[in-house]
Amino acid sequence: MNSGRRGVLAFLGSLVLGAPSLSKAASKSSAFAESRSEYQPRHVLCFLGTEKGLAALQQSARTAVDTFAADFSIDEEYSQDEPDDRMERSFNVCWDRVDANTYQEADEEAVAGHGSVLYVLGPSMAAENAVMTSATALRFVQHMLDHGAIAVKGESAGVAHGARRWKELFEQSRSDAASGDLLALAKTCRLAFARRPIGDDAKGMASVGFHLVGLPDVEVGFIRKDENLPSTNPEQLKIAALMDDIADQMARDGVQTTVTAHQATLSNDMRYEDDSYKFNPFGVVSIQDYKL
């Protein structure tokens with residue numbers, strides 16, 4: 001067994017949090033994309049707390065850093081011990097659009113009534129360690145929700161889930177780790193931290209955040225059944241499903257194989273500045289004339 005595979009297994013074992021040690025290699029591993037830029041992505045996590053709750057959030061975050069997330073750090077510049085009046089609108093924009101039950105009324109109330117904000121920064125990631133780092137970020141999220149945070153948003157793609165959904169995703173990541181399946185873990189982390197679809201009918205729709213699991217984003221230009229009517233929610237969910245299928249294929253078979261199979265193109269990410277957290281250094285896979 002090579003050192004890289006041993007590292008994956010050691011990480012997966014730690015993620016399971018007390019489950020029996022894995023005795024075999026992860027037979028289903030993830031393909032790695034080639035970076036097209038010197039920029040390396042990183043997680044920026046936003047945690048909301050109660051009134052005058054910053055100190056408690058900071059202590060919880062320090063515990064996470066000390067115990068399982070040594071490469072993560074607390075942002076001192078933008079964290080604050082008071083409400084941020086932009087948060088309610090920001091969460092409203094960022095709630096996941098694909099999972100129908102991603103948040104509940106209690107989550108909206110938590111955002112509206114928050115009294116403190118903490119930002120945590122993840123380390124810069126290469127494609128080879130993006131999934132493992134994102135799994136650590138997901139564990140960090142659940143740790144914080146268990147220890148004082150009342151709402152969480154992933155800033156690197158602008159996506160938010162409610163507490164129930166975050167826990168569901170974390171528990172799924174534990175199950176993926178227990179089975180030694182890095183492909184499944186990559187998918188779970190992508191569902192947690194990426195956002196899709198965003199855009200409009202004229203320019204098409206795209207994902208943002210696939211770089212957090214070491215993959216290009218996916219952009220879809222589509223043809224509606226009736227060009228005089230706007231795309232419907234079911235049609236947009238169909239586009240999101242296509243994006244997820246392509247991401248699964250890229251992780252399993254490799255980027256170029258998937259691009260060729262879909263008669264797509266791969267190009268540099270021109271949507272964001274190359275120092276933006278949303279910028280994808282692995283590029284964007286574009287599909288045109290997709291028929292809804």
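Everything here concerns the structure above.
Residues numbered from 1 in each chain as written. Predicted model: local features only at pLDDT ≥ 70, side-chain atom pairs only at ≥ 80, totals over all residues. Heavy atoms only, no water.

Side note on the overall build of the protein
We apply this condition: Secondary structure counts use DSSP, requiring at least four H or I residues in a row for a helix and at least two E residues in a row for a strand, with both numbered from the N terminus. Exposure is judged per residue with a 1.4 Å probe applied to protein chains only, and the accessible area is read against the type maximum: over 50% gives exposed, under 20% gives buried, and values in between give partly exposed. It only takes one pair of heavy atoms within 4.5 Å for two residues to be counted as in contact. Reported accessibility uses the Shrake-Rupley method at a 1.4 Å probe radius. Residues are deemed covered only where the shown protein chains occlude them.
A tally of helices and strands in the protein yields 9 helices and 10 strands. Buried residues in the protein amount to 53% of all 292 residues. Look at the contacts in the protein between residues 6 or more apart in sequence, and 76% of them connect residues 24 or more apart. On the protein, roughly 13500 Å² of surface is accessible, and the fraction owed to carbon and sulfur atoms is 47%.

A word on the packing of helix H3 (residues 87-94) against helix H4 (residues 105-112)
The test is simple: For every element, the axis is a line fit to its C-alpha atoms; helices are fit only across the contacting stretch, and the angle between N-to-C directions ranges from 0 to 180 degrees. Note: crossing handedness is left-handed where the near helix turns anticlockwise from the far helix by less than a right angle, and right-handed where it turns clockwise. Ten residues, namely Ala, Val, Leu, Ile, Met, Phe, Trp, Tyr, Cys and Pro, are considered nonpolar, four, namely Asp, Glu, Lys and Arg, are considered charged, and the remaining ones, Gly among them, are considered polar.
Contact geometry of H3 with H4 gives a least axis separation of 8 Å together with a crossing angle of 150°. For the pair H3 and H4, the crossing hand works out as right-handed. Note on element contacts: H4 touches H3 through Glu-108, Val-111 and Ala-112, opposite Met-87, Glu-88, Phe-91 and Asn-92. Looking at the contact of H3 with H4, its residues break down into 4 nonpolar, 1 polar and 2 charged.

Some thoughts on the environment of Asp-253
Quick note on the threshold: Nitrogen and oxygen atoms within 3.5 Å of one another constitute a polar contact, given that in protein one can donate a hydrogen and the other can accept it, and given that sequence-neighbouring residues count only through two side-chain atoms.
One can find Asp-253 in helix H8 (residues 233-253). Accessibility expressed as a relative area gives 38% for Asp-253, which makes it partly exposed. At 3.2 Å, the side chain of Asp-253 and the side chain of Arg-252 are in polar contact.

Observations concerning the packing of aromatic side chains
The cut-off we apply is this: Geometry of aromatic contacts follows a simple scheme: Phe, Tyr and Trp rings, the Trp one being its six-membered ring, pair when their centres are within 6.5 Å, and the pair is stacked under 30 degrees between planes, edge-to-face over 60, tilted otherwise. Note on criteria: charge over ring means Lys NZ or Arg CZ within 6 Å of the ring centre, with the direction from the centre no more than 35 degrees off the ring normal.
Considering all chains together, one arrives at 7 aromatic pairs under this definition. Three or more aromatic residues joined by ring pairs make a cluster, and in this case those are Phe-47, Phe-68, Phe-72 and Phe-140. The ring of Phe-68 has Arg-139 sitting right over it, with the charged end atom 4.1 Å from the ring centre.

Structural notes on the environment of Arg-62
Within the secondary structure layout, Arg-62 lies in helix H2 (residues 54-67). A relative accessible area of 37% means that Arg-62 is categorised as partly exposed. In this structure, the C-alpha to C-alpha distance between Arg-62 and Ile-74, residues 12 residues apart in sequence, is 7.8 Å.

Some remarks on the pattern of salt bridges
Our working definition: A side-chain nitrogen of Lys or Arg and a carboxyl oxygen of Asp or Glu constitute a salt bridge if their distance falls within 4 Å.
With the rule as written, the count across this model stands at 18 salt bridges. Arg-190 is the partner of Asp-248 in a salt bridge, and the nearest nitrogen-oxygen pair spans 3.1 Å. You can see Asp-248 sitting in helix H8 and its partner Arg-190 sitting in helix H7 (residues 182-193), a full 58 residues away along the chain. Per residue, the accessibility class of Asp-248 equals that of Arg-190, and both read buried.

Points about the pairing of strand E10 (residues 284-291)
Under the convention used in this document: Paired strands are those between which DSSP finds at least two bridges.
In terms of strand pairing, strand E8 (residues 217-223) meets E10 through 6 bridges, oriented parallel. Its bridge partner lying in E10, Ile-223 is registered against Lys-291. Of the strand pairs in this sheet, strand E9 (residues 265-267) and E10 are connected by 3 bridges, and their pairing is antiparallel. Looking across to E10, one finds that Ser-267 is bridged to Val-284.

Points about the sheet that holds E10
The sheet built from 5 strands is open, its strands ordered E6-E7-E8-E10-E9 with mixed pairing. Edge positions in the sheet fall to strand E6 (195-200) and E9, since each has one partner strand and no second. This sheet shows a mean twist of 25° between the axes of neighbouring strands, independent of strand direction.

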